[in-house]
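Analysis of the macromolecular model
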Amino acid sequence: MLKLIYAPDPILKKESVSIPQLDDHHRELIKQMYEIMYSANGVGLAAPQIGLNIRIFVLDAGSRDEEKKPITMINPKIISLHENKVPYEEGCLSFPEHFAEIDRPEKIKIEYLDEDNSKKISTFTGFESRIIQHELDHLNGILFVDHLSRLKRDVIIRKMRKYKKEKEII
Ligand code: NI
């Protein structure tokens, strides 16, 4: 049974590896990632967050709406990022109840494989662009708190250590 990994955890800090060939095992995994994401009320989930250091993430900017807009990205590569950065309050399923405002480029052009193994190139803006950049960071072992000052980051990490201890999460 796959479970969400909470920070701090060395798995979340590792760089994930590309998938040479997408198979049914990965598709089953992706299905489970959506289940975990939706049941936790999240808008994005990267494979390292369930303990697997492979380059897959799922997102759904309409996660809390009736109309779902699931997007799966495998082996994503940034083609370009917009110069203009915008602030937005981010959270992360690996950091329950922690939020922080982070500046990121407002637009991203990205190349990736979808679940049918076909290559896609798309430009995303707004909330989807935000989620994609956050999830892409996960694949590189970067967490949203890594974009904050050391002081703010340390406060959140300390609270997360306490949270895990209280919940007896190893
Ligand atoms: Ni996250």
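The structure reproduced in this document is the subject of the present report. (Residues numbered from 1 in each chain as written. Predicted model: local features only at pLDDT ≥ 70, side-chain atom pairs only at ≥ 80, totals over all residues. Heavy atoms only, no water.)

Describing the coordination of the nickel ion
Inclusion rule: Metal sites are built from N, O and S donor atoms within 2.8 Å, or 3.2 Å for Na, K and Ca, and they leave out water, so they may look incomplete. A helix here means a DSSP run of H or I that spans at least four residues, while a strand means a run of E at least two residues long, and both kinds are numbered starting from the N terminus. We call a residue buried when its accessible area falls under 20% of the maximum for its residue type, exposed when it is over 50%, and partly exposed in between, using a 1.4 Å probe and counting protein chains only.
Looking at the nickel ion, one finds its protein donor set to be Cys92 (SG), His134 (NE2) and His138 (NE2), positioned 2.1 to 2.2 Å from the metal centre. When the donors of the nickel ion are listed by position in the chain, the intervening gaps give C-x41-H-x3-H. Taken together, the residues Cys92 in the loop between strand E4 (85-90) and strand E5 (100-105) and His138 in helix H2 (residues 126-139) connect sequence positions 46 residues apart. As far as the burial class goes, Cys92 and His138 line up, both buried.

Observations regarding the pattern of salt bridges
Quick reminder of the rule: Think of a salt bridge as a Lys or Arg side-chain nitrogen and an Asp or Glu carboxyl oxygen that are within 4 Å of each other.
Overall, the coordinates contain nine salt bridges when judged by the stated rule. Residue Glu90 pairs with Arg130 through a salt bridge whose shortest N-O separation is 2.7 Å. In this pair, Glu90 sits in strand E4 while Arg130 sits in helix H2, placing the two residues 40 residues apart along the sequence. You'll find Glu90 and Arg130 in the same group, each marked buried. Asp114 is paired through a salt bridge with Lys120; the nearest N and O atoms lie 2.9 Å apart. Lys120 sits in the partly exposed class, given a relative accessible area of 34%. The network of salt bridges with shared partners includes Glu90, Arg104, Arg130 and Asp137.

Overview of the packing of aromatic side chains
What counts is decided by this rule: Between rings of Phe, Tyr and Trp, where Trp is taken as its six-membered ring, a pair exists when centres lie within 6.5 Å; planes separated by under 30 degrees are stacked, by over 60 edge-to-face, and by other angles tilted.
A full pass over the atoms with the stated rule returns four aromatic pairs. Taking 5.7 Å as the distance between ring centres and 70° as the angle between the ring planes, the aromatic pair formed by Tyr6 and Tyr163 counts as edge-to-face. Highlighted residues: Tyr6 in the segment before helix H1 (24-39) and Tyr163 in helix H3 (residues 150-166), separated in sequence by 157 residues. Each of the two residues, Tyr6 as well as Tyr163, counts as buried.

What to know about H3
Quick reminder of the rule: The span one expects for a helix is its residue count, reduced by one, times 1.5 Å. Directions from the helix axis toward the C-beta atoms define the arc.
Helix length check: H3 (17 residues) gives 24 Å between terminal C-alpha atoms against 24 Å at 1.5 Å per residue, within 8%. Within H3, the full set of buried residues consists of Ile156, Ile157, Met160, Tyr163 and Lys164. Along the long axis of H3, the arc covered by the buried residues comes to 120°, so they all point the same way. More than 90 degrees from the buried face of H3, the exposed residues found are Leu151, Arg158, Arg161, Lys162, Lys165 and Glu166. Residue Glu168 follows H3 closely and has a positive phi angle near 55°.

What about the sheet that holds strand E1 (residues 44-46)?
The condition is simple: For two strands to be treated as a pair, DSSP must find at least two bridges joining them. Under this scheme, a helix contributes an axis fitted over its contacting stretch, all axes are lines through C-alpha atoms, and angles between N-to-C directions fall in the 0 to 180 degree range. Working rule for contacts: check all heavy atoms of both residues, and any pair within 4.5 Å makes them a contact.
Sheet architecture is open: five strands sit in the order E1-E2-E3-E6-E7, paired in antiparallel fashion. Among the strands making up the open sheet, the edge pair consists of E1 and strand E7 (119-125). Between one strand axis and the next, the sheet turns through 40° on average, direction left out of account. Bridging between strand E3 (residues 70-81) and strand E6 (residues 107-113) involves five bridges; their strand directions are antiparallel. Following the sheet pairing, Ser80 is matched in E6 by Lys109. In this fold H1 packs onto E1, strand E2 (56-60) and E3, with an angle of close to 40° to the strand it touches most, E2. Along the sheet, H2 contacts E1, E2, E3, E6 and E7; its crossing angle with E2, the most-contacted strand, is approximately 155°.

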